[in-house]
Amino acid sequence: MTSILQGMLRYEDPVESEMTLLDQPKVEVRYHDIGEVNSQFSVAADLQSREKDIEMARLMSPGKFSGKSGPSCFLKMTKNKLLTKAGCGKDVRHFEFEFVSSTVRYEVGDVLEVLPGQNPAAVDVFLQRCNLNPESFITVHHRKQENGICGTDLDVSKVPIKLKTFVELAMDVSSASPRRYFFEVMSFFATAQHEKERLQYFTSPEGRDDLYQYNQKERRTVLEVLEDFPSVQMPFEWLVQLVPPLKPRAFSISSSPSAHPGQVDLTVNVVSWTTPFKRKRSGLCSTWLANLDPHQSTVIPAWFQKGSLPPPSPLEPLILIGPGTGCAPFRGFIEERSIQSQSSTTAPIMFFFGCRNEENDFLYRDFWSHHSQEEGVLSEAKGGGFFVAFSRDQPQKVYVQHKMRENSARVWDLLSEGAAVYVAGSSTKMPSDVLEAFEEIVSKESGLPSESAVRWVRALERAGKYHVEAWS
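Only a predicted model underlies this, so the values are computations on that prediction, with no experimental measurement involved.

Caption draft 1: Structural context of the nonpolar core. Counting residues in hydrophobic clusters, the biggest one holds 52 residues, and the most contacted among them are Phe126, Phe166, Met171, Phe182, Met234, Phe236 and Leu239. The element best represented in this core is helix H6 (residues 180–189), accounting for 6 residues. Three or more residues apiece are contributed to this core by two domains, here domain 1 (15–44 + 119–143 + 154–244) and domain 2 (69–116 + 248–307). Of all hydrophobic cores here, the second largest spans 26 residues; its members include Leu320, Cys355, Phe390 and Ala424.

Shown next as structure tokens:
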């Protein structure tokens, strides 16, 4: 590391002179001779080896991860079905997966985290751009300071892995945007004066807005930023510290394990957008999943987590509100209650779904219709109902909260019977609009003043009978 610090000190700049030993990277990368590496972890291509690589990469990464380092299981995609009309401007997929490692028990309302694969070509370009040897074996150790003395964590349990494997599994080089400090550190390693000045400007108070426009607004990736400043050669330790970690993406599970043993389903919106400067962008994980061919047997690392929607009792009436892909967990709820109804008495379910157009993005139309028929768990005969708002099929926009108000008497009846409320979907205005609709329904149907109706709904929340799972 002395060469890094000397390189900094050679650049005479008042800002740079403030650098101290604490400004060295917070990690140390150690390189290992291939003869020292245990081949069972580095060469074998089986699931156990892959699991160990993922565990080691996440353990050594300075990024913060929820849950255990190694995946709960590995999955294989068996179905990739487009749910929306082709060419309508939205791409929502139904994915089905089977377990290729040990089966994990899950419940409706749980969340599946998926570790996406990065574009291999982008990883290769990153390695070339940074002059890194992909075949090197490394361990990453965290520096720490005790009593003013810098030391290095020398955890002997860390198993060396290939540098390229570490980048693939732990460093998001092809989708995440770097933070401001990345540009500050880059400025110390820029050898072209105009690049150095530009980077210093970006990290100055005067350049803050321009950095935002260049970086966050355009969602420039780490690789794109490095390519825009070709004179910068950052030591690998700094890259390990500053490149955003590759994190699993979380999705609400849209299946019931009772209905589909050994299987887990997801309902995923394939994210894409255009930046202010007309650059095409896409979500890393959703696009990766959408491009998977079920016949190719790609192995997918996954973690099961508890979400915000606890599985309800079969005897608990439900009011579900899930527009768009917010319907995902409730598909699992309804599958589960349908199975339960075959052997015991179950309480009714009202479900409010919303989408833009009946013809374009009416997700799972046949599924809801089937369970809304006579004796189905969504049928009016069983005290439930299925209500759908098509927001763009008429001059005035109609959303789920409008359908709730249209059926306020029935909503109030179920609330009076002790119904639990579950809301899932976009975290923009929908959750607050739905909450306001409930407050208005309680006030209208019970005759309570609006302030008392607000307290009534808040009591529902405190009693654990009002659940929200929202995402941006």
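Read on for the rest.
Caption draft 2: Main features of the sheet that holds strand S16 (residues 420–426). If you walk across this open sheet you meet the 5 strands as S15-S14-S13-S16-S17, and the pairing is parallel. In this open sheet, the two strands that pair with only one neighbour each are strand S15 (385–390) and strand S17 (466–471). Here the average twist between neighbouring strands, direction ignored, is 10°. As defined by bridge partners, strand S13 (residues 318–321) adjoins strand S14 (residues 349–355) across 4 bridges and the pair is classed as parallel. Note on S14: the bridge partner recorded for Ile319 is Met350. Each of S13, S14 and S16 is contacted by helix H12 (residues 328–341), which is oriented at about 150° to S13, the strand it contacts most.

Caption draft 3: Fine view of the sheet that holds strand S4 (residues 111–114). Spatially, the 6 strands line up as an open sheet ordered S8-S4-S12-S2-S3-S9, and their pairing is antiparallel. The open sheet has two edge strands with one neighbour each: strand S8 (249–252) and strand S9 (263–269). Taking the axes of each pair of neighbouring strands and ignoring which way they run, one obtains an average angle of 40° across the sheet. Pairing between S4 and S8: 4 bridges, direction antiparallel. Along S8, the bridge assignment pairs Glu113 with Ala250.

Caption draft 4: Region of interest: the environment of Ile54. Mapped onto the secondary structure, Ile54 falls in helix H3 (residues 47–60). Among the residues examined, Ile54 registers a relative accessible area of 1% and is labelled buried. Distance in space between the C-alpha atoms of Ile54 and Pro301 is 8.6 Å, their sequence separation being 247 residues. In contact with Ile54, other than residues within four places in its own chain, are Ser69, Pro71, Phe74, Leu115, Leu169, Pro301 and Trp303.

Caption draft 5: The arrangement of the environment of Gly70 in detail. By the secondary structure assignment, Gly70 is in the loop between H3 and strand S2 (73–82). Residue class for Gly70 comes out buried when judged on its relative accessible area of 7%. Taking the C-alpha atoms as reference points, Gly70 and Ala302, 232 residues apart in sequence, are found 9.1 Å from one another. In this view, Gly70 contacts Glu55 and Trp303; residues no more than four positions away in its chain are not counted.

Rules of the game
Residues numbered from 1 in each chain as written. Predicted model: local features only at pLDDT ≥ 70, side-chain atom pairs only at ≥ 80, totals over all residues. Heavy atoms only, no water. Core = buried A, V, L, I, M, F, W, Y, C linked by side-chain atoms within 4.5 Å. Buried < 20%, exposed > 50% of the residue type's maximum accessible area, 1.4 Å probe, protein only. Helix = DSSP H or I, 4+ residues; strand = E, 2+ residues; numbered from the N terminus. Domains from an automatic or database assignment. Pairing = 2+ DSSP bridges. Axes fitted to C-alpha atoms, helices over the stretch in contact; angles between N-to-C directions. Contact = heavy atoms within 4.5 Å.

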